[in-house]
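Below, each chain spelled out in residue letters.
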Amino acid sequence: MADDRKRLFQKELEVKFTKEHGDNKMEGGEITDKKVTYYRLGVDQNPRKVEMKKAGQDMAAARGLVGYNPMMHCGGIPLGQRAITPSFISGTDIMVETDDLHYVNNAAMQQMWDDIRRTTIVGMDMAHETLEKRLGIEVTPETINHYLEVLNHALPGGAVVQEHMVETHPALVDDCYCKIFTGDDELADEIDSQFLIDINKQFPEDQAEALKEAIGKTTWQAAHIPTVVSRTTDGAQTSRWMAMQVGMSFIAAYNMCAGEAAVADLSYAAKHAGVISMGDMLPARRARGPNEPGGISFGHMSDIIQTSRVDAEDPAHVALEVVGGACMLYDQIWLGSYMSGGVGFTQYATAAYTNNILDDNLYYNVDYINDKYDGAATKGTDNKVKATMEVVKDIATESTIYGLENYEKYPTALEDHFGGSQRATVLSAAAGSATSLATGNGNAGLSAWYLSMYLHKEAHGRLGFFGYDLQDQCGATNVFSFQSDEGLPVELRGPNYPNYAMNVGHQGGYTAIASAAHAGRGDAWAVNPLIKVCFADDLLPFDFTAPRKEFGRGAIREFEPAGERSLIIPAK
Amino acid sequence: MAYEAQYYPGATSVAENRRKHMSGKVEKLREVSDDDLTLVLGHRAPGSDYPSTHPPLAEMGEPECSVREMVEPTPGAKAGDRVRYVQFVDSMYNAPSTPYFRSYAAAINYRGVDPGTLSGRQVVEARERDMEEIAKFQLETEMTCPALASLRGATVHGHSLRLPEDGIMFDMLDRCRLENGVVIMHKDQVGRAIDKKVDFGKPMSEEEAAKRTTFYRVDNVAFRDDAEVIEWVHTVFEKRTAYGFKPE
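Starting afresh in each chain, residues are numbered from 1 along the sequence in its written order. Chains carry letters and ligands carry numbers; both start at the beginning, A for chains and 1 for ligands, and go up in the order they are written. Selection of residues for local features in this predicted model requires a pLDDT of at least 70, selection of side-chain atom pairs for listing and counting requires 80 or more, and totals for whole chains, interfaces and linings are taken over all residues. Each side-chain value is derived from all of the structure's non-hydrogen atoms; neither hydrogens nor water enter the calculation.

Engineer: Quick question: what am I supposed to make of the packing of aromatic side chains here?
Structural biologist: The geometry of an aromatic ring pair is captured by the separation of the ring centres together with the interplanar angle, meaning the angle of the planes. For this analysis, a ring pair means two rings from Phe, Tyr or Trp (six-membered ring only for Trp) whose centres lie within 6.5 Å, classed as stacked if their planes differ by under 30 degrees, edge-to-face if by over 60, and tilted for the remaining angles. Within the structure shown, the criterion is met by 26 aromatic pairs over all chains. Judged by centre distance (5.9 Å) and plane angle (40 degrees), the ring pair of Phe 542 of chain A and Phe 551 of chain A falls under tilted. Partly exposed residues are those whose accessible area sits between 20% and 50% of the maximum for their type, while under 20% is buried and over 50% is exposed, using a 1.4 Å probe and protein chains only. Judged by its relative accessible area of 0%, Phe 551 of chain A falls in the buried class. Their ring planes at 65 degrees and their centres at 5.5 Å tell us that Tyr 8 of chain B and Trp 232 of chain B sit as a pair that is edge-to-face. Here the residue Tyr 8 of chain B occupies a position in the segment before helix 1 (13–23), and Trp 232 of chain B occupies one in helix 8 (residues 227–244), the gap between them amounting to 224 residues. Feature note: the residues Phe 298, Tyr 330, Trp 449, Tyr 497, Tyr 500 and Tyr 510 of chain A constitute an aromatic cluster, connected by ring pairs. Charges are assigned to positions over rings by a cutoff of 6 Å between ring centre and Lys NZ or Arg CZ, combined with an angular limit of 35 degrees from the ring normal. In this structure, Arg 309 of chain A is placed above the aromatic ring of Phe 203 of chain A, and the distance from its NZ or CZ to the ring centre is 5.8 Å. The ring of Tyr 50 of chain B carries the charged tip of Arg 44 of chain B above its face, separated from the ring centre by 4.0 Å. Secondary structure elements are defined from DSSP: runs of H or I of at least 4 residues count as helices, runs of E of at least 2 residues count as strands, and each element is numbered from the N terminus.

Have a look at this one:
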């Protein structure tokens, strides 16, 4: 490969590291310089830090209790950092303060997780069969439309069946709704368009055909409970909330007797049969119910992100959007908060979706693969290269060395990823995703991930934190063992897979590897067609086709989240 | 024929230096006095006794144990020293050592050590006087350049940042400085001020650092040019992968 190719990150790093931002005085120099002047200006060089410092001072004055004070770093020793520089969101021209990529500061990130946690998919067919066979009630498209009208009143908290009872204010729960989808075009034509996720409209033709074939004549409800409810409770609340309203809506819509025995059968069928949670329940030691991030498999997460239906011809882009979304969810929210209660995990995650460094590595790999393996990284099934050890070694080695050399040639790239864990994520995600793209085999990609770790450690004599040094040196051994207690296809692994439970900085990469295998083949979904269709819905507040752009909009405070409570809060 | 350990593959100067670090046969380049070492480590006052968390082994009345009798305790264990640490940070700009090679050097050449390896730092925990022996060895030899490596108990990210204009690895807490052509430490490894400036001598020139480093860099010895090392990594990878592959 020619070494004079234009790096995707060059422009971003030139703006980031050689221009002045706020008052950091970092203007000048080249991104290839190994030496630089350190001004040691501390937090006052950064606009967001200045804003936060003032907020901390105001808060302390108002409440008579100290709070945020950036001079508290290192036990009272002021920070002497070189500069605090903003970052570009990869694949966009949005430049953001990195503080604004902490999920607490970013409404889009919160909404992405809200939209996943508050979603459940519930089958309609068993409920319909119960109505027809047990009660002799005729189910027609008209009755389904009527039921959906009732449900969209009841699901946000409107009362049905009973007399007027306590209800929720509709403006606080306007993000709550239910649509349906089916693989049956005839039935879909009869459903009121407001209630339908139209597979034919949302997906490219080939993907739509594959999805409809997989779903067949079954019908499914894609339900989203109110954001404010799921924020107040937890992911396990989603199916409970849906179950209650679904039961009441069937009773109301089909004029059933609320006390009759058949209602018990209907309730079971409507509430529990054919329920798809986004995440599995975790064992008691992790103490989380379904629909919490630790239970979301990498395959489910791959399907939740929707880039594959809007940019199917660029499978590398699909993997990169998946890595962004999944790094945020798994690192920033799951590992960073649920599992550890920490703050620094944001830094691991943002390395994978800022400043086009991972993008550059992956697109270099695409060129390398297409040159050497006759277009194997382009979308398709007949163009794939066989997933052999030789292919894994070749692609992972070239990818990793290319990435390592970028850190060696561009000191600002190294400075951007100033911790080995960040570098290890980026290099291995690139190697793994590229191998997935070329082979259409996620476990070959996973294998490349581990080889990349070995090469990285050997080249630089260092890797990441202990999680990398331990887990990534034993991980190769479980890649191709599919015995039930030892291994799984990457699509079915998740944050709770034994070797991955505390793999900080890894899980977004694993998800991209799973997704890249299928995006590379042009598959319509990775592991679950129902989840893929459920999130193909433009009414969701978060745009799952472009998670990185959404994070950027959140960071520059342009994203409008759901579940706001201003209606019930005194105005200031 | 006596067995001679073959520590590392590769034909390049980097591979050769890695072999050298692991073997412990490294060149001594400078002197660091015991008091200066104690000052920069910051665990106790220079000249004071080693604080003890255990009585000396001789006073413990240990039960009979054939294994215990076979293994001579280290001086620190024998005396009942508390466990303390030394932590190095090595720049990625041709610092002589890298975290893994500091760990290998400690683990291969010393007993009773617990080396920890991360991206930016390498920590060795051991009984205090044993730890000091290792720290002194690493500081005085070609394993360390005072400009491109330093003792840091906290704030280690300078290992991957660009070098300041004077070539001394960036240190957020300003523990090390170049003064009159030599590198001094005026704070201990966690950044607390100390009573005197400890002199670690002259920095290595860029040429000398490039010659002595164990770090592969594309502008010095590129990793991809050491085919034997890459082949060896591939072999390790293949064997580990095959070990877990159970198709039945």
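There is more to say after this.
Engineer: In this structure, what is going on with the interface of chain B and chain A? I would like to understand it.
Structural biologist: Accessible area lost when the parts come together is the quantity often used to give the size of an interface. Every residue pair with non-hydrogen atoms within 4.5 Å of one another is taken to be in contact. Counting residues at the interface gives 54 residues for chain B and 58 residues for chain A. Take the accessible area each of two parts loses on contact, using a 1.4 Å probe, and add the two losses: that sum is the buried area. Of the roughly 4,900 Å² buried between chain B and chain A, counting both surfaces, carbon and sulfur atoms make up 58%. Salt bridges are defined by distance alone: a side-chain nitrogen of Lys or Arg within 4 Å of a carboxyl oxygen of Asp or Glu. Here chain B and chain A share seven salt bridges between them. The closest approach of N and O atoms between Glu 415 of chain A and Arg 162 of chain B, which form a salt bridge, is 2.9 Å. Within 3.5 Å is the distance limit for a polar contact, defined as a pair of N or O atoms, with the added protein rule that one can donate a hydrogen and the other accept it, and that residues adjacent in sequence qualify only through two side-chain atoms. Where chain B meets chain A, there are 34 residue pairs in polar contact (both at pLDDT 80 or more). Those elements that place two or more of their residues in the side of chain B that touches chain A are helix 5 (99–109), strand 5 (163–164) and helix 8 of chain B.

Engineer: I would appreciate a short explanation of the pairing of strand 7 (residues 182–187) of chain B in the present structure.
Structural biologist: Within a regular beta strand, the side chains point alternately toward one face of the sheet and then the other, so they alternate between its two faces. Residue and element names in this part refer to chain B. Most of strand 7 sits out of view: six of its six residues are buried. Two strands pair when backbone bridges link them, and strand 6 (residues 176–179) and strand 7 are joined in this way by four bridges, in the antiparallel orientation. Paired with Arg 177 across the strands is Ile 184, a residue of strand 7. The rule for pairing is simple: two strands pair if DSSP sees at least two bridges between them. Between strand 6 and the antiparallel strand that follows it, strand 7, lie two residues; Asn 180 among them carries a positive phi value of about 55 degrees. The pairing of strand 7 with strand 8 (residues 193–199) spans three bridges and is antiparallel. Opposite Lys 187, over in strand 8, you have Ala 193 as the bridge partner.

Engineer: Quick question: what am I supposed to make of unusual backbone geometry here?
Structural biologist: Outside of glycine, negative phi angles account for most residues, and trans bonds account for most peptide bonds. One non-glycine residue, Val 161 of chain A, lies in the positive phi region at around 70 degrees. Tracing the backbone shows Val 161 of chain A in the loop between helix 6 (141–154) and strand 5 (177–182). Even without being glycine, Asn 94 of chain B reaches a positive phi, approximately 65 degrees. Counting through the fold element by element, Asn 94 of chain B comes out in the loop between strand 1 (83–90) and helix 5.

Engineer: Explain a nonpolar patch on the surface here, please?
Structural biologist: Residue and element names in this part refer to chain A. A cluster of nonpolar side chains, contributed by Leu 567, Ile 568 and Ile 569, occupies part of the molecular surface with about 300 Å² of accessible area. Turning to its location among the elements, Ile 569 is positioned in the segment after helix 25 (547–555). For Ile 569, a relative accessible area of 44% puts it in the partly exposed group. Residues forming no salt bridge and having over 30% relative accessible area are the ones grouped into patches, like charges within 9 Å of each other and nonpolar side chains (Val, Leu, Ile, Met, Phe, Trp, Tyr) within 5 Å. For the accessible areas, the method is Shrake-Rupley and the probe is 1.4 Å, while residue cover comes only from the protein chains on display.

Engineer: Even after reading the chapter, I still don't get the pattern of salt bridges, so can you show me in this structure?
Structural biologist: Here the idea is simple: oppositely charged side chains can pair when their charged atoms come close. Under the criterion given, the structure shown has 58 salt bridges over all chains. For Lys 35 of chain A, the salt bridge identified is with Glu 206 of chain B, shortest N-O distance 3.8 Å. Taken as a pair, Lys 35 of chain A in strand 1 (residues 35–36) and Glu 206 of chain B in helix 7 (residues 206–212) lie in two separate chains rather than in one. In this structure Lys 35 of chain A comes out as partly exposed when scored by relative accessible area, which is 35%. We classify Glu 206 of chain B as exposed; its relative accessible area is 59%. Across the salt bridge formed by Glu 16 of chain B and Arg 19 of chain B, the nearest N and O atoms sit 3.1 Å from each other. Linking Glu 16 of chain B with Arg 19 of chain B, this pair stays in helix 1, spanning three residues, or about one helical turn.

Engineer: Whenever I open this one, the domain arrangement of chain B confuses me. Can you help?
Structural biologist: Domain limits in this description derive from either an automatic procedure or a database domain assignment. When the domains of chain B are assigned, the result is domain 1 (13–215) and domain 2 (223–247). The distance between the C-alpha centroids of domain 1 of chain B and domain 2 of chain B comes to 32 Å.

Engineer: Looking at this structure, how should I read the side chain of Thr 346 of chain A?
Structural biologist: Residue and element names in this part refer to chain A. Within the secondary structure, Thr 346 is located in helix 16 (residues 345–351). Look at Thr 346 and you get buried, because its relative accessible area is 9%. Each residue touching Thr 346, except ones within four places of it in the same chain, is listed here: Leu 101, His 102 and Gln 332.

Engineer: Is there a simple way to explain the sheet that holds strand 6 of chain B in this structure?
Structural biologist: Backbone hydrogen bonds are what pair the strands of a sheet, in a parallel or an antiparallel way. All names here are of chain B. Taken together, three strands build an open sheet; the order of strands is 6-7-8 and the sheet is antiparallel. Both edges of this open sheet fall to strand 6 and strand 8, since each of them pairs with a single strand only. Pairwise comparison of adjacent strand axes, ignoring direction, gives a mean angle of 25 degrees for this sheet. Across the sheet, helix 2 (residues 34–41) lies against strand 7 and strand 8, angled at about 130 degrees from strand 8, the strand it touches most. With axes taken as lines fitted to C-alpha atoms, and helix axes fitted only over the stretch in contact, angles between N-to-C directions fall between 0 and 180 degrees.

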